[in-house]
Structure formats: C-alpha cells, structure tokens
Amino acid sequence: MCPHCDLPLAGNDRGLCGACWAMVLPKAGASCPRCGAPVDDGDEPCLECARFAPPQQATVIWGEHDGVLRSALLSLKHKGRDDLADPLACRLAAAVAATPWAVSLDAVSWVPSHALRRFRRPYSAAQLLSIGVARRLGVTHRKLLVRHGLGRQVERTRARRLRLSSRTFSAGRLGGRPRLLLIDDVVTTGTTIRRAAEALLAAGASSVYCASLAATPTPRRFS
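This report concerns the structure included in the present document. (Residues numbered from 1 in each chain as written. Predicted model: local features only at pLDDT ≥ 70, side-chain atom pairs only at ≥ 80, totals over all residues. Heavy atoms only, no water.)

Further remarks concern the overall build of the chain. Helix and strand counts for the chain stand at 7 helices and 9 strands. A total of 223 residues make up the chain; the buried ones form 48% of that total. Taking all contacts inside the chain whose residues are at least 6 apart in sequence as the whole, residues at least 24 apart take part in 74%. For the chain, the computed accessible surface area is about 11000 Å², with 53% contributed by carbon and sulfur atoms. (Helix = DSSP H or I, 4+ residues; strand = E, 2+ residues; numbered from the N terminus. Buried < 20%, exposed > 50% of the residue type's maximum accessible area, 1.4 Å probe, protein only. Contact = heavy atoms within 4.5 Å. Areas by Shrake-Rupley, 256 points an atom, 1.4 Å probe, with all protein chains shown as cover.)

What follows is the structure in structure tokens.
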C-alpha cells in the first residue's frame, strides 16, 4: 500500500504509488549555502550565518517536510518502510552531486540515534539514506559518530532544541584530516547537525558538509 494515499502499489512502484511520487518535489527558492535556510540570494550566507558561522562548510536540503514527502519519511522512520530509502536517497544524492564540493569528499556518515533506540529498529532513516547517497556518489560510507543521552529533539520546543548539549555527539580520532558529508533525514532548527559537525571537526575532520532530505517548513525555522 502507498503510505500517503493508501492505494495499492503497482508492480513497478517503489515505496509510493506513481501519482504520489509525482508530488514529491524539491523545495523551491534560494538557500543559504552554509545552513540551507531559505534566502533571497543563494550566493550569500543568511544573516544568522554571517553573524555566527556554523561548523559545516555547506548544507544541502532537498525538500520540505510536508505533504507526500513527510508521509514517506515518517513511514521510513517509524513504520519499517525501508523500500522508501533508496528512491529518497537517489534524490538527495543528485542534489549533493550538483555542488562544487561533492567531488572532494572522502567519506559519508550520518547523524545517529542512540544505541538503545536501535533495539527496536537496527537501522535509522538517516543511516539508510546515507548508505544510498554514498553508493551513488562513489564515496566510502563510515560510522563515525556516537550519540549520548536519550532525549529526543522531536519531543522538545524550539527553545529547548536550540539548547542541545555540545556533548550530545562524540567521534573517535580521525586520521588524514578527511572531508566528510554528514546525512540527516529531517532538519528543524539545524542544531542537531551543527552539534554533530562540531564533534567531527573536533575529532580531526578538515571540513564537514551536511545534507538532509527535508526541512520542517515553519516560519521561524531559520530565525
């Protein structure tokens, strides 16, 4: 069954029915090259990044966490619909491949969930997406980050999300000063990927780039 419209899937459908896939579209408009925020001019960083530059060099966000894309991601994350991972990763990989920095990447990793949460499901949505992105980019896929604590950002207000501890993630020492691509499934305030990028830089990465399949479309998302 299609997780958005509940109609049966045809034999060649993957994850969603053809009609619903036709409504899965990339977000429109320019984005801040550093954090992915919607801006008027995509050649310049947003005001927030101009004042306080994020740890990542760039951020790619493919679509908005709304409509069919939201249904697909929720089904991938919470309903075991792993058949959605590869076609969604294909879209995100194409957006990353279009950037000038994609050819310089040494490895792809992902923002992990806590180990205790993996008892219920061994693979997170971000991990499955990162596997597909790495394969399409022809880049090594590596587990680099460990997440500490059991708090979930999804259960928190915006103010509490922004106060996410700098000790939320850690990484073992990275040799060779690698250039890394960090994948997450959904961005809301951007705090989680910032903390994860900080941990990778502290561990020895020379640069970190971020990519997420979707961003939560709220008026204060990047304020």
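The terminal C-alpha atoms of helix α3 (residues 67-78), which comprises 12 residues, lie 17 Å apart, in line with the 16 Å expected from a rise of 1.5 Å per residue. Restricting attention to buried positions, one finds in α3 the residues V68, L69, S71, A72, L73, S75 and L76. In the segment just after α3, G80 is the residue with positive phi, at about 70°. (Expected span 1.5 Å × (residues − 1).)

A few words on the pairing of strand β3 (residues 58-64). Burial analysis of β3 places 6 of its 7 residues in the buried class, the great majority of the element. As paired elements, β3 and strand β9 (residues 207-215) share 6 bridges and run parallel to each other. Looking across to β9, one finds that V60 is bridged to A211. (Pairing = 2+ DSSP bridges.)

What follows covers the environment of R147. Within the fold, R147 resides in strand β6 (residues 145-147). With a relative accessible area of 16%, R147 lands in the buried category. Engagement of the side chain of R147 in a polar contact is seen with the backbone oxygen of P112, the distance being 3.0 Å. (Polar contact = N/O pair within 3.5 Å; in protein donor to acceptor, adjacent residues only side chain to side chain.)

So, on to the pairing of β9. With respect to burial, β9 is a largely interior element, 9 of its 9 residues being buried. Once you follow strand β8 (residues 179-187) into helix α7 (residues 191-202) and on to β9, the crossover reads as right-handed. (Right-handed = clockwise from strand over helix to strand, strands pointing away.)

The next point concerns a negative patch on the surface. Together, D40, D41, D43 and E44 line one region of the surface with negative charge. Looking at the element boundaries, D40 is found in the loop between β2 (38-39) and α2 (47-51). (Patch = residues over 30% accessible without salt bridge, like charges linked within 9 Å, V, L, I, M, F, W, Y side chains within 5 Å. Salt bridge = Lys/Arg side-chain N within 4 Å of Asp/Glu carboxyl O. Lys, Arg positive; Asp, Glu negative; His and termini not counted. Charge placed at Lys NZ, Arg CZ, Asp CG, Glu CD.)

Strand order in the open sheet formed by 5 strands is β3-β9-β8-β4-β5, with parallel pairing between adjacent strands. The open sheet has two edge strands with one neighbour each: β3 and β5 (140-141). Its contacts with the sheet place helix α4 (residues 85-97) against β3, β8 and β9, and it is angled at close to 140° to β3. Packing against the sheet, helix α5 (residues 125-137) makes contact with β4 (107-110), β5, β8 and β9, and its axis sits at approximately 135° to β8. (Axes fitted to C-alpha atoms, helices over the stretch in contact; angles between N-to-C directions.)

For S75, the location among the structural elements is in helix α3. For S75, a relative accessible area of 2% gives the class buried. The residues touching S75, leaving out its near neighbours within four places in the chain, are P3, G80, R81 and L84.

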